[in-house]
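# What the coordinates show
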Amino acid sequence: MDLGLTGKLAVVTGGSKGIGLGVARAFAREGANVLITARTKEAVEAAAAEIGADFGVKAGAVVSDIASADGCQAVIDAARAFGGADVFVSNAGTGSNETVAEATDGKWQYYWDLHVMAAVRLSRGLADQIEAKGGGAMLMNASICAVQPLWYEPIYNTTKAALLMFSKTLSTEMIKRGIRVNTVNPGLIRTPDWENTARDLAGQEWEAYLQEVADEHADIKRFGTVDELADFCVFLCSPKASYSVGSAYHVDGGMLKTT
Ligand SMILES: NC(=O)c1ccc[n+]([C@@H]2O[C@H](COP(=O)([O-])OP(=O)(O)OC[C@H]3O[C@@H](n4cnc5c(N)ncnc54)[C@H](OP(=O)(O)O)[C@@H]3O)[C@@H](O)[C@H]2O)c1
């Protein structure tokens, strides 16, 4: 299937590794140019160079912290200089580990800025570009934890739930401008981050640890691959998904315990 993305520009935050890198590579595989962002200069620049070389598309890197207004503005400016965004994937984020009793206001604020305000600032700033290109799509990468919490990360659960509602609300406004907004809620996706956590917790038994996590949480009894999620994301952002507006899609191997 030709997804109709050739020559479009996809802006993917957190595109230097894990899911964001997989999504950026999947866009490039479809012939889209990509602009990826992260805080670590070497990693994001190397990832962009590799994407460009592997797929023969234009691939740029932005080094910025999107938990700040200035960091978001740097992404918006770079996208404009790159010819203007057609697609925006709000992906950068990270898990947390705390109790409500012990977490500081500062920690709550950081995750609010990273998971919610980055999406607010970047969608607001990139909407003009996408509209000027004749319309396109935005995709928020929230989490299954937006609707089904994990007990050890209340701040993650709460800020991802806020992102999910922001996305729904934004979709109503943006569709009037020809921009489709949707959300993806992944379950367990096997990223280097998960593998490192498993190594820290279980040492040499880390593979068995990951299997235990999958057995406990996902009906399918395995983690999803980055590619399984990335292909889904790219389809949702493509013109082939033209009637999908304001929806949340779980990609979770049966982890969600409700309809
Ligand atoms: N893996 C899963 O099972 C899973 C499940 C559900 C949802 N998700 C969501 O999927 C997204 C990606 O997760 P992942 O597992 O792929 O994570 P990851 O491998 O840790 O990658 C996170 C990416 O975001 C960037 N990033 C983090 N903080 C940033 C900041 N303040 N400003 C700019 N970039 C930042 C990182 O680069 P730098 O550190 O260099 O900035 C990196 O490129 C997250 O939003 C996560 O909540 C993941």
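Definitions and cut-offs
- Residues numbered from 1 in each chain as written.
- Predicted model: local features only at pLDDT ≥ 70, side-chain atom pairs only at ≥ 80, totals over all residues.
- Domains from an automatic or database assignment.
- Nonpolar A, V, L, I, M, F, W, Y, C, P; charged D, E, K, R; others polar.
- Axes fitted to C-alpha atoms, helices over the stretch in contact; angles between N-to-C directions.
- Helix = DSSP H or I, 4+ residues; strand = E, 2+ residues; numbered from the N terminus.
- Parallel < 35°, antiparallel > 145°, perpendicular 65-115°, else oblique.
- Left-handed = near helix turned anticlockwise from the far one by under 90°.
- Contact = placed C-beta atoms within 7 Å.
- Buried ≥ 20, exposed ≤ 12 C-beta atoms within 10 Å, placed from the backbone.

## With respect to the domain arrangement of the protein chain
Parsing the protein chain into structural domains produces domain 1 (9-189 + 225-251) and domain 2 (190-223). Each of domain 1 and domain 2 has a C-alpha centre, and the two are 24 Å apart. Classifying every residue of the side of domain 1 that touches domain 2 gives four nonpolar, three polar and one charged.

## Things to note about the packing of helix H6 (residues 192-202) against helix H7 (residues 206-217)
Running from N to C, H6 and H7 cross one another at 110°; their axes reach a closest spacing of 8 Å. As summarised for this structure, H6 and H7 are arranged roughly perpendicular, according to the angle between their axes. You can see that H6 and H7 cross each other, and the crossing is right-handed. Residue-level contacts link Trp 194, Glu 195, Ala 198, Arg 199, Leu 201 and Ala 202 of H6 to Trp 206, Ala 208, Tyr 209 and Leu 210 of H7. Taken together, the residues that form the contact of H6 with H7 break down as eight nonpolar, no polar and two charged.

## What to know about the environment of Asp 231
Looking at where Asp 231 falls in the secondary structure, it is placed in helix H8 (residues 226-236). When the 18 C-beta atoms within 10 Å are taken as the criterion, Asp 231 is described as partly exposed.

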